[in-house]
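Observations on the three-dimensional arrangement
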Amino acid sequence: MSNQTGLLKDKVAVVTGASRGIGRAIALKLAASGARVVLSARSQSALDDLAAAIAAAGGEALAVPTDIARTEDVENLFETALARFGQVDILVNNAGITRDTLLVRMKDADWDAVLETNLKGPFLCSRAAAKIMTKQRCGRIINISSVVGEMGNAGQANYCASKAGLIGLTKSMARELARRHVTVNAVTPGFIVTDMTEVLSDKVKEELLGQIPLGRFGEADDIAAAVVFLASDQAAYITGQVLGVNGGMYM
Ligand code: NAI
């Protein structure tokens, strides 16, 4: 790709939820940094478009439709990645959903859907990736949590619990996998402009903006830059950490 830095040359990365938003920006930046990228999300057509964009820019990408909450899908994702590229060096657990509502109105199904995608999904993907990475004796797992996993947020009990759980999962896996040179870190985005946040009312957006010292909402590229750094050799001595990319919203 034109702005290829080679920072991730010869690496293979799996990105979940790559079809749009933050995941798409992460996949593009990993590819621009020299990685071959395995794109996963539920929609084949959106992934094919992204794979074509990466190929057009001189990169290499493989699209594998996956529901990360389903064990069979996740096993297929990593088998397909290995069959094509022979290695998996980087996993970015990015896919996530919201089902926002107040606690007393929250249905069991709202709780289950969010925990299944946002916490069980990263567990399933990390377990599959760890089997490969520990054999390779190197690897990077990067979990996209959220600032509200650190702060809590009214109306998001299910989402905040899943994202706080993901931080616990990050730290436990970091301790477990360190001896095999597999690092595990979390990135906690603040308010990032994507389809997920587009649904919020102008009033809520204005209130949020008032809480951000840097005075702007984040871009998907702000998160992608942090992920590329954590995925690179430059971050070899960083594990079990939570990197806030939130404009100072939470310190
Ligand atoms: P988005 O809604 O634009 O994209 C989510 C992606 O996840 C899509 O590609 C979707 O297909 C995929 N996905 C959802 N469920 C899936 C499943 N079961 N299996 C496979 N793929 C699935 O979301 P956005 O804003 O790009 O967020 C990405 C991540 O960043 C999420 O984990 C989100 O919780 C987190 N985040 C986002 C923030 C924001 O302000 N946008 C703030 C903090 C965290």
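Located above this text is the structure these notes cover.
Now for a look at the structure at hand. The structure displayed is predicted, hence computed values, not measured ones.

Moving on, we get to the overall build of the chain. A tally of helices and strands in the chain yields nine helices and seven strands. With the C-alpha coordinates aligned to their principal axes, the bounding extent of the chain is approximately 50 × 40 × 35 Å. By residue count, 49% of the 251 residues in the chain fall in the buried class. Excluding contacts between residues fewer than 6 apart, the proportion of contacts in the chain whose partners are at least 24 apart in sequence is 72%. Approximately 11800 Å² of the chain is accessible, and the part contributed by carbon and sulfur atoms is 51%. Counting 26 positive and 26 negative side-chain charges, the chain places the averaged centre of each group 7 Å from the other.

Within the largest apolar cluster, 36 residues are counted, with the highest numbers of intra-cluster contacts made by Ile26, Leu30, Leu39 and Ile223. Of all the elements in the fold, those that place two or more residues in this core are β1 (12-16), α1 (21-32), β2 (36-40), α2 (44-56), β3 (61-63), β4 (90-93), β5 (139-144) and α9 (220-231). Top element by residues in this core is α9. It accounts for eight residues. Beyond its immediate stretch of four places on either side in the chain, Leu39 contacts Val15, Ala18, Ala27, Leu47, Leu50, Ala51, Ile54, Ala61, Leu62, Ala63 and Val64. By size, the runner-up hydrophobic cluster in this structure holds 29 residues, among which are Ala129, Ile132, Leu177 and Val182.

In this section: the site of the ligand. As a structural note, the neighbourhood of the ligand is formed by 27 residues, with Ser19, Arg20, Asn94, Tyr159 and Thr194 the closest of them. Residue Arg20 places a side-chain N or O atom 2.7 Å away from an oxygen atom belonging to the ligand. Gly190 is positioned with one of its backbone polar atoms (N or O) 3.4 Å from an oxygen atom of the ligand. Considered on its own, the ligand offers 830 Å² of accessible surface; in the complex 95% of this is hidden by protein.

What follows concerns the environment of Arg140. Tracing the chain through its elements places Arg140 in strand β5. Assessed through its relative accessible area of 9%, Arg140 is described here as buried. Sequence separation between Arg140 and Leu230 is 90 residues; the distance between their C-alpha atoms is 7.7 Å. Setting aside chain neighbours within four positions, we find Arg140 in contact with Asp89, Ile90, Leu91, Met133, His181, Thr183, Leu230, Ala231, Ser232, Asp233, Ala235 and Ala236. There is a polar contact of 3.1 Å between the side chain of Arg140 and the backbone oxygen of Leu230.

Once that is clear, we can look at the pattern of salt bridges. For the structure on display, the rule yields nine salt bridges. In this structure, Asp233 engages Lys11 in a salt bridge whose closest nitrogen and oxygen atoms are separated by 4.0 Å. Residue Asp233 is found in the loop between α9 and β7 (242-245), and its partner Lys11 is found in the segment before β1; the two are separated by 222 residues along the sequence. Take Asp233: its relative accessible area is 53%, and that puts it in the exposed class. For Arg70, the salt bridge goes to Asp73, with nearest N and O atoms at 3.6 Å. In this structure, a network of salt bridges that share partners links the residues Arg70, Glu72 and Asp73.

Once that is clear, we can look at unusual backbone geometry. Even without being glycine, Asp10 reaches a positive phi, approximately 70°. Phi is positive for His181, close to 60°, though the residue is something other than glycine. With respect to the secondary-structure elements, His181 resides in the loop between α6 (157-177) and β6 (182-189).

What follows is about the packing of aromatic side chains. One pass over the structure, following the stated rule, counts one aromatic pair. Look at Phe191 and Phe217: their rings are 4.1 Å apart centre to centre, the planes differ by 35°, and that puts the pair in the tilted class. Placement of Phe191 in the loop between β6 and α7 (195-198) and of Phe217 in the loop between α8 (202-209) and α9 is noted, with a sequence separation of 26 residues between them. Each member of the pair, Phe191 as well as Phe217, is classed as buried.

All right, on to the sheet that holds β3 then. Read across the open sheet, the seven strands follow the order β3-β2-β1-β4-β5-β6-β7; overall the sheet is parallel. A strand with exactly one partner marks an edge of an open sheet, and here the two such strands are β3 and β7. Averaged over all neighbouring strand pairs, the angle between strand axes comes to 20°, with direction disregarded. By the bridge criterion, four bridges tie β6 to β7 in an arrangement that is parallel. By the bridge assignment, Val187 is partnered in β7 with Leu243. On top of the sheet, helix α3 (residues 71-85) reaches β1, β2, β3 and β4; it is set at about 155° to β2, its chief contact.

Rules used throughout
Residues numbered from 1 in each chain as written. Predicted model: local features only at pLDDT ≥ 70, side-chain atom pairs only at ≥ 80, totals over all residues. Heavy atoms only, no water. Helix = DSSP H or I, 4+ residues; strand = E, 2+ residues; numbered from the N terminus. Buried < 20%, exposed > 50% of the residue type's maximum accessible area, 1.4 Å probe, protein only. Contact = heavy atoms within 4.5 Å. Areas by Shrake-Rupley, 256 points an atom, 1.4 Å probe, with all protein chains shown as cover. Lys, Arg positive; Asp, Glu negative; His and termini not counted. Charge placed at Lys NZ, Arg CZ, Asp CG, Glu CD. Core = buried A, V, L, I, M, F, W, Y, C linked by side-chain atoms within 4.5 Å. Near = heavy atom within 4 Å. Polar contact = N/O pair within 3.5 Å; in protein donor to acceptor, adjacent residues only side chain to side chain. Salt bridge = Lys/Arg side-chain N within 4 Å of Asp/Glu carboxyl O. Phe/Tyr/Trp six-rings, centres within 6.5 Å; stacked < 30°, edge-to-face > 60°. Pairing = 2+ DSSP bridges. Axes fitted to C-alpha atoms, helices over the stretch in contact; angles between N-to-C directions.

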